[in-house]
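The primary structure of each chain is shown beneath.
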Amino acid sequence: MLRRRWLGCGLLLGASLFFFNGRNFQAAELPTPVRSGQFEVTTESGGFERTATIHIPKGYNPQSPPPLVITLHGAGGQGDSILNIDNWAKKADEKGFIVIAPNGLPARPRLPGNFLSNPYLWNSGQLREGGARSQVDDVAYIRTLLDELAKKVPYDATKVFATGHSNGGGMTFRLGAEMADRLAAIGTVAGTVSVDNPQPAKPLPSLFILGLEDPLLPYKGGESTLPWGTRTTPPIAGLMAKWATAIQCQTEPQTIAEDDAVQTVRYPSKNGGPELTVLYLKGHGHAWPGASRNLPSRLTGPNTSKLNATDEIWSFFEASTK
């Protein structure tokens, strides 16, 4: 279990993302009528004004609602980074789906956010119990966001997917556990399953991607050193077995492909339903594979994988609904 349930893995990534890239994206408010482009969506939830950045693809036609992808940033980051740096906006234009990137709230949610001292993050189950941020219901926010978005930007409610990185990946698993009725599939990179005894309303096709040299989420589990102290995480195999159980799969994986770069394992369904697929990236660290960013390897491990996680996850989402 986590020795220090505060920020969970991902804060270090988010902080370095903003410090080393130094980019700041601005989005206008969502227009009426809706048109293609990148805009800000504001939602009231739990006494907070929540914001998200939405990318509406070229050629968007509200009379033919496209799929919707929810993308969740790592702690310390914000939504526009996963759109523009992890290339989800580009992918949305290529494939014609809507992508929305909500922003988490700061660790001390009533104070201004700061990526070093008060980072934006998600209540994924990793946070210190009893803290102010752990009292914020992010699942309720995402539900409200989907409801309000449907009134303004029609989307295909049968093809809503969730993905995330690090702390956002952990939040993706939480959405899968508590909001499976609104989702068609989930895909995560380097996010831990921090929900106790997850019991989704239905099994969801699930994809998990992890670098085997990730120092923030070590494959074998153990202690990681962060600027805010140490954290102990369980072995990844145990976390995957927990999620496999939650979606009614066997807990022993089968290796279905392997080469010098990637090992692909699958947890077969017990009843012919959705399965859990895991890609273990050999020699890779914590960074989102294929992102247009450079992160210091001393903090996040090596960034060596040739895999493009955005392409891989979208292909998985497409296949899951065919």
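Residues numbered from 1 in each chain as written. Predicted model: local features only at pLDDT ≥ 70, side-chain atom pairs only at ≥ 80, totals over all residues. Heavy atoms only, no water.

Peer 1: Even after reading the chapter, I still don't get the overall build of the chain, so can you show me in this structure?
Peer 2: Counting secondary structure elements, the chain contains 8 helices and 15 strands. Per-residue burial for the chain yields a buried fraction of 56% across its 322 residues. For the chain, the share of sequence-separated contacts (at least 6 apart) that also reach a separation of at least 24 residues comes to 64%. Approximately 13,200 Å² of the chain is accessible, and the part contributed by carbon and sulfur atoms is 47%. (Helix = DSSP H or I, 4+ residues; strand = E, 2+ residues; numbered from the N terminus. Buried < 20%, exposed > 50% of the residue type's maximum accessible area, 1.4 Å probe, protein only. Contact = heavy atoms within 4.5 Å. Areas by Shrake-Rupley, 256 points an atom, 1.4 Å probe, with all protein chains shown as cover.)

Peer 1: Is there a simple way to think about the pairing of strand 3 (residues 48-56) in this case?
Peer 2: Extensive coverage of strand 3 is indicated by the burial of 7 of its 9 residues. Note: strand 2 (residues 37-45) against strand 3, 9 bridges, orientation antiparallel. Residue pairing across strands places glutamate 40 opposite threonine 53, the latter belonging to strand 3. Linking strand 2 back to strand 3 in an antiparallel pair, the connection comprises 2 residues, with glycine 46 at a positive phi of about 60°. Pairing between strand 3 and strand 5 (residues 98-102): 4 bridges, direction antiparallel. Note on strand 5: the bridge partner recorded for alanine 52 is proline 102. (Pairing = 2+ DSSP bridges.)

Peer 1: So what exactly am I meant to see when it comes to the packing of aromatic side chains here?
Peer 2: In this description, a pair of aromatic rings is defined by centroid distance and the angle of the planes. Counting across every chain of the model gives 8 aromatic pairs. Seen in terms of ring centroids, phenylalanine 161 and phenylalanine 317 are 4.6 Å apart; in terms of plane orientation they differ by 10°. Their pairing is stacked. In this pair, phenylalanine 161 sits in strand 8 (residues 160-165) while phenylalanine 317 sits in helix 8 (residues 309-320), placing the two residues 156 residues apart along the sequence. Here phenylalanine 161 and phenylalanine 317 have matching classes, each one buried. (Phe/Tyr/Trp six-rings, centres within 6.5 Å; stacked < 30°, edge-to-face > 60°.)

Peer 1: Explanation requested: a negative patch on the surface in the structure shown.
Peer 2: The grouping of Glu29, Glu40, Glu44 and Glu49 at the surface amounts to a negative patch. Residue position: glutamate 40 is located in strand 2. With relative accessibility at 32%, the residue glutamate 40 sits in the partly exposed group. (Patch = residues over 30% accessible without salt bridge, like charges linked within 9 Å, V, L, I, M, F, W, Y side chains within 5 Å. Salt bridge = Lys/Arg side-chain N within 4 Å of Asp/Glu carboxyl O. Lys, Arg positive; Asp, Glu negative; His and termini not counted. Charge placed at Lys NZ, Arg CZ, Asp CG, Glu CD.)

Peer 1: Would you mind going over the pattern of salt bridges with me for this structure?
Peer 2: Any two side chains of opposite charge can pair, on the condition that their charged atoms come close. What the rule picks out here adds up to 9 salt bridges. Measuring nitrogen to oxygen at the nearest pair gives 3.5 Å for the salt bridge that ties lysine 91 to glutamate 94. Remark: glutamate 94 and lysine 91 occur in helix 3 (residues 88-95); sequence separation between them is 3 residues, near one turn of the helix. In this structure lysine 91 comes out as buried when scored by relative accessible area, which is 9%. Given the relative accessible area of 48%, glutamate 94 is considered partly exposed. For the salt bridge of aspartate 181 with arginine 143, the shortest nitrogen-to-oxygen distance reads 2.7 Å. Pair noted here: aspartate 181 is in the loop between helix 5 (167-178) and strand 9 (185-189) and arginine 143 is in helix 4 (residues 138-152), with a separation of 38 residues, a long-range link. Via salt bridges that share partners, Arg50, Arg133 and Asp138 belong to a single interconnected network.

Peer 1: I keep staring at unusual backbone geometry and nothing clicks. Help me out?
Peer 2: Leaving glycine aside, a negative phi is the common case for residues, and trans is the common case for peptide bonds. The peptide bond linking threonine 32 to proline 33 adopts the cis configuration, its omega dihedral lying at 0°. For proline 33, the location among the structural elements is in the loop between strand 1 (28-29) and strand 2. Residues other than glycine seldom take positive phi values, yet glutamine 248 does so here, at roughly 65°. Its location among the elements puts glutamine 248 in the loop between helix 6 (236-246) and strand 13 (254-258).

Peer 1: Looking at this structure, how should I read the nonpolar core?
Peer 2: Considering soluble globular proteins, one finds that nonpolar side chains tend to be buried as a cluster. Ile54, Trp88 and Met240 are the most contacted members of the largest nonpolar core, which totals 77 residues. In this structure, tryptophan 88 is in contact with Val69, Thr71, Ile82, Leu83, Phe97, Val99, Thr163, Trp288, Thr310, Ile313 and Trp314, ignoring residues within four places of it in sequence. (Core = buried A, V, L, I, M, F, W, Y, C linked by side-chain atoms within 4.5 Å.)

Peer 1: Help me understand helix 6, please; the structure alone is not making it clear to me.
Peer 2: Residues lying three or four places apart along an α-helix face the same way, a consequence of the helix completing one turn every 3.6 residues. Within the span of helix 6, buried status applies to Ile236, Leu239, Met240, Ala241, Trp243, Ala244 and Ala246. Just downstream of helix 6, glutamine 248 is the residue with a positive phi angle, here 65°.

Peer 1: Help me understand the environment of valine 195 in this model?
Peer 2: Its location among the elements puts valine 195 in the loop between strand 9 and strand 10 (206-211). Accessibility expressed as a relative area gives 12% for valine 195, which makes it buried. Separated by 25 residues in the primary sequence, valine 195 and glycine 170 place their C-alpha atoms 8.6 Å from one another. When sequence neighbours within four positions are dropped, the list of residues in contact with valine 195 reads Ser124, Arg174, Ala177, Glu178 and Lys242.

Peer 1: Just checking my understanding: could you explain the sheet that holds strand 15 (residues 276-281) for this structure?
Peer 2: The strands making up a sheet associate through hydrogen bonds between their backbones, and the pairing can be parallel or antiparallel. Reading across the sheet, the 11 strands line up as 1-2-3-5-4-8-9-10-15-14-13 and stay open at both edges, with mixed pairing between neighbours. Looking at the sheet topology across the chains shown, the edges are occupied by strand 1 and strand 13. When strand 13 meets strand 14 (residues 262-267), the two strands line up antiparallel, connected through 4 bridges. Bridge pairing in strand 14 places alanine 257 opposite threonine 264.

Peer 1: When you look at the environment of glycine 191 in this model, what are you seeing that I'm missing?
Peer 2: Its location among the elements puts glycine 191 in the loop between strand 9 and strand 10. Along the chain, glycine 191 and leucine 210 lie 19 residues apart, while their C-alpha atoms are 8.3 Å from each other. Excluding residues within four positions of it along the chain, glycine 191 makes contact with Ser166, Gly169, Gly170, Phe173, Phe208 and Leu217.

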